[in-house]
Amino acid sequence: MRRLGALLGSSLFLVFSAGCGGYLGSAQRAYQDGRYLEAAEKLGDHEDEVTALSPRKQVSYGLYMGLSLMKLGDHDGAERWLGFAEQVEAQRPGTLRPDEKREIEAARGQLAGIEEKAKAAGEEPTQDGTFLQTVRQTEPAP
């Protein structure tokens, strides 16, 4: 009987834990599957909740929002969210895992290369951090 109670208790904990960060995990899977717009939209739907998240979840949010926006060509938005994740890490060292730090460094390198290329070609950046808003405004109503 005790085993059943312990099993039930741990099962409930897992269900509630998954529910609290469900959209983060879903967005991360979408990103990893190459569905960058879906990832950015899932995260964008919860942008007003970011400050209420734990620091660990805040860096995850910032990382995947930044990476998704970068893949979608919103370089200003990517810079903003990658910077957010780095800022949380600066305030709470150890919040970012080593692999996440490497992902941010790689993304920063890609963004710097894109910016250098654009400057060399005499182009102005075309994105102003509003890519997701533009997409949402042009989507047909359900």
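One can find the structure itself at the top, above this paragraph.
Read on for a plain summary of the structure.

Definitions and cut-offs
- Residues numbered from 1 in each chain as written.
- Predicted model: local features only at pLDDT ≥ 70, side-chain atom pairs only at ≥ 80, totals over all residues.
- Heavy atoms only, no water.
- Helix = DSSP H or I, 4+ residues; strand = E, 2+ residues; numbered from the N terminus.
- Expected span 1.5 Å × (residues − 1).
- Buried < 20%, exposed > 50% of the residue type's maximum accessible area, 1.4 Å probe, protein only.
- Arc of directions from axis to C-beta.
- Contact = heavy atoms within 4.5 Å.
- Salt bridge = Lys/Arg side-chain N within 4 Å of Asp/Glu carboxyl O.
- Phe/Tyr/Trp six-rings, centres within 6.5 Å; stacked < 30°, edge-to-face > 60°.

Turning to helix 5 (residues 75-91), a few remarks are in order. For helix 5, with 17 residues, the first-to-last C-alpha span of 24 Å sits near the 24 Å given by 1.5 Å per residue. Along helix 5, the residues that are buried comprise Gly77, Ala78, Trp81, Leu82, Phe84, Ala85, Val88 and Glu89. The buried residues of helix 5 occupy one face: seen down the axis, they fall within an arc of 145°. In helix 5, the exposed residues that point more than 90 degrees away from the buried face are Ala90 and Gln91. For helix 5, the secondary structure elements touched by its buried residues are helix 4 (55-71) and helix 6 (98-120).

Bringing the environment of Gln28 into the picture now. Inspection of the secondary structure puts Gln28 in helix 2 (residues 22-32). For the pair Gln28 and Ser60, spaced 32 residues apart in sequence, the C-alpha separation works out to 8.5 Å.

Turning to the pattern of salt bridges, a few remarks are in order. Overall, the coordinates contain 10 salt bridges when judged by the stated rule. For Glu38, the salt bridge is made with Arg35, and the minimal N-O distance between the two is 2.6 Å. Given a relative accessible area of 29%, Glu38 falls into the partly exposed group. Judged by its relative accessible area of 34%, Arg35 is partly exposed. In this structure, Arg97 engages Asp99 in a salt bridge whose closest nitrogen and oxygen atoms are separated by 3.2 Å. On the basis of relative accessibility, which here comes to 30%, the residue Asp99 falls in the partly exposed class. Through salt bridges that share partners, Asp33, Arg35, Glu38 and Lys42 make up one connected network.

It is worth spelling out the packing of aromatic side chains at this point. Tallying each qualifying case throughout the model produces 4 aromatic pairs. Taken together, a centroid distance of 5.2 Å and an interplanar angle of 55° make the contact between Tyr31 and Tyr36 tilted. Residue Tyr31 is classed as buried on the basis of its relative accessible area of 14%. Ring plane angle 65° and centroid distance 5.6 Å describe the contact between Tyr31 and Tyr64, whose orientation is recorded as edge-to-face. Taken together, the residues span a long stretch of sequence, with Tyr31 in helix 2 and Tyr64 in helix 4 at a distance of 33 residues. The same class applies to Tyr31 as to Tyr64, namely buried.

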